[in-house]
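# Observations on the model geometry
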Amino acid sequence: MKQWRVGIIGVGAIGTSGHLVGYQSAGANVVAVADVAEGRAAKVAEREGIAASYTDYRDMLANEGLDVVSVCTPNALHAQMTIDALRAGAHVLCEKPMALTLAEATEMVATAEAAGKGLSIAHTLRHRPENERIKAMAAAGDLGDIYHVKVSYLRRSGIPGYGSWFTNGDLAGGGAMMDIGCHMLDLGLWFMGHPRPTSVLAATYAPLGTQAKGLGTWGADHADPPARFDVDDFATAFVCFESGATLTVEACWACHGAEGNKVQVFGTKGGLELNPGAYGPDAPLWFFGEDESGFTKSPVTVTQPDAITGTGHELLIGEWLSALEAGRAPRVRPEEAAVVVEIIEGIYNSAKSGHEARLN
């Protein structure tokens, strides 16, 4: 594999360590890091044996001759930093969510196309073997026509970075739906084959975070209560598509309920449910179908013989760099990630207005 020269912008974010490990595992050379927090980039560079550190990412772009840049900063900074890196001649892997608005995401896609550079978004859950299995079965037609998908990502207690950018609406753009709901929306759309969304009806809540309850232990720069929390800690939405199919999504950082990820896919020939909480970690995925005897239910094998081991970021980055080298599209295409942004923008618009939001 090519010896990629990599730079990482933002080393205080949760996903940064995943990017570092991912590039190292793929044999790429992380040559520089940048972070606005004075001393943070230098500390990470020293610890990881990285040659250069910067407090201004633009200096890093100008000085290092980078092939690849990872953007691991607060959500509100994703678009401009990605655009700057693309224009500087680098391929870019941007952390999820891609941007705060569809307009920003669209500009990112257009800039990548104009620059002739690769762009992908770190929707790492597509690389989990159980999700790959769902996608394969859906694509093979095992489920027939998919007419509804339900996805949820619920934490009992897991608000990240209390008082930091994570709970700051100006920098994060939103809370649980923006942070982890985007992962589940991406999966749902991927399983469905990316039908065109037309509308969304949503509601958001913040009953616990505003009281500094349900705080998690990860995320940089935690503050002591009371601190700023003006985002959602629970959000739910119903999305409609041109095809007539529908999708429901729930995302929660903290709630009085059981935590865990859950996926249900309903098709005309069969359905799938991924639910480790109900079925256990050894057989979390089940197929619901029918035969001559009636309705059937059976576990689905998700561990493939040739499966690659590694974290989500390791698998995603390895696949992405291979795609760049081969000149093919990455698994997570930026135009697909832009639709996730479009739906989330609609979710927050709907929640704010109390009415259905129409999507273009």
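The following refers to the structure shown.

What counts, and where the lines are drawn
- Residues numbered from 1 in each chain as written.
- Predicted model: local features only at pLDDT ≥ 70, side-chain atom pairs only at ≥ 80, totals over all residues.
- Heavy atoms only, no water.
- Helix = DSSP H or I, 4+ residues; strand = E, 2+ residues; numbered from the N terminus.
- Rg over C-alpha atoms; globule rule 2.2 N^0.38 Å.
- Buried < 20%, exposed > 50% of the residue type's maximum accessible area, 1.4 Å probe, protein only.
- Contact = heavy atoms within 4.5 Å.
- Areas by Shrake-Rupley, 256 points an atom, 1.4 Å probe, with all protein chains shown as cover.
- Expected span 1.5 Å × (residues − 1).
- Arc of directions from axis to C-beta.
- Pairing = 2+ DSSP bridges.
- Axes fitted to C-alpha atoms, helices over the stretch in contact; angles between N-to-C directions.
- 1 Å grid on protein atoms, 1.4 Å probe; cavity = no way out; pocket = protein on both sides within 12 Å on 5 of 7 lines; lining within 4 Å.
- Points joined across faces, edges and corners; volume = space filled by probe spheres on them.
- Nonpolar A, V, L, I, M, F, W, Y, C, P; charged D, E, K, R; others polar.
- Parallel < 35°, antiparallel > 145°, perpendicular 65-115°, else oblique.
- Left-handed = near helix turned anticlockwise from the far one by under 90°.

### Observations concerning the overall build of the protein chain
Broken down by element type, the protein chain carries eleven helices and 15 strands. For the protein chain, the C-alpha radius of gyration of 20 Å lies close to 21 Å, the compact-globule estimate for 360 residues. Burial analysis of the protein chain (360 residues in total) assigns 54% to the buried set. Of the contacts made within the protein chain by residues no fewer than 6 positions apart, 72% connect residues no fewer than 24 positions apart. A total accessible area of about 15,500 Å² is found for the protein chain, and carbon and sulfur atoms account for 50% of it.

### Side note on helix H11 (residues 334–353)
End to end, H11 covers 29 Å across 20 residues, agreeing with the expected 28 Å (1.5 Å per residue, within 8%). Most of H11 sits out of view: 14 of its 20 residues are buried. Remark: Gly354 follows H11 within two positions and exhibits a positive phi of approximately 80°.

### Thoughts on helix H2 (residues 40–48)
Listed in full, the buried residues belonging to H2 are Ala41, Val44 and Ala45. What you see down the axis of H2 is that its buried residues fit within an arc of 100°, all on one side. Away from its buried face, by an angle of more than 90 degrees, H2 presents the exposed residues Lys43, Glu46 and Arg47. For H2, the secondary structure elements touched by its buried residues are helix H1 (16–25), strand S2 (29–34) and strand S3 (52–54).

### So, the pairing of strand S13 (residues 285–291)
Relative to S13, strand S12 (residues 271–274) is paired through four bridges, and the arrangement is antiparallel. Note on S13: the bridge partner recorded for Leu272 is Phe287. Pairing geometry for S13 and strand S14 (residues 294–299), over six bridges, is antiparallel. Residue Trp286 lies in a different strand from S14, and its bridge partner there is Pro299. From the end of S13 to the start of S14, which pair antiparallel, there are two residues.

### Focus on the sheet that holds strand S4 (residues 68–71)
Taken in spatial order, the six strands line up as S3-S2-S1-S4-S5-S6 in an open sheet, and their pairing is parallel. The open sheet has two edge strands with one neighbour each: S3 and strand S6 (119–121). Adjacent strand axes in the sheet meet at a mean angle of 20°, parallel and antiparallel pairs treated alike. Bridge count for S2 against S3 is three bridges, and the pairing is parallel.

### Quick word on the sheet that holds S12
Strands sit in the order S14-S13-S12-S11-S7-S10-S9-S8-S15 across an open sheet of nine strands; the sheet is mixed. Each edge of the open sheet carries a strand with a single partner, namely S14 and strand S15 (357–358). Relative to S12, helix H6 (residues 129–139) is tilted by about 175°, and along the sheet it contacts strand S7 (146–154), strand S11 (260–267), S12 and S13. The strands touched by helix H8 (residues 176–192) within the sheet are S7, strand S9 (234–241), strand S10 (246–252) and S11, with S10 carrying the most contacts at an inclination of about 150°.

### Notes on unusual backbone geometry
Cis rather than trans, the peptide bond between Lys96 and Pro97 has omega equal to -10°. Following the sequence through the fold, Pro97 ends up in the loop between strand S5 (91–94) and helix H5 (102–115). In this structure, Pro226 follows Pro225 across a cis peptide bond, with omega equal to -5°. By the element assignment, Pro226 lies in the loop between strand S8 (197–205) and S9. Phi angles above zero are rare outside glycine, and His194 is one such case at about 55°. Locating His194 in the fold gives a position in the loop between H8 and S8. Judged by its relative accessible area of 24%, His194 falls in the partly exposed class.

### Remarks on the layout of surface pockets
The space that makes up the second largest pocket amounts to roughly 290 Å³. Residues that form the lining of the second largest pocket fall into these classes: 13 nonpolar, four polar and five charged.

### Let's talk about the pairing of S7
In terms of burial, S7 is largely enclosed, as seven of its nine residues are buried. Sheet topology places S7 next to S10; seven bridges connect them, and they run parallel. Of the residues in S10, the one forming a bridge with Tyr153 is Ala251.

### Quick notes on the packing of H1 against helix H10 (residues 312–326)
The contact between H1 and H10 brings their axes to 8 Å, and the two run at 50°. Relative to H10, the element H1 lies oblique. As for the relative orientation of H1 and H10, their crossing is right-handed in sense. Taking contact as the criterion, the partners of Gly18, His19, Val21, Gly22, Tyr23 and Ser25 in H1 are, on H10, His313, Glu314, Ile317, Trp320 and Leu321.

Purely geometric stuff here, so don't read any function into it on its own.
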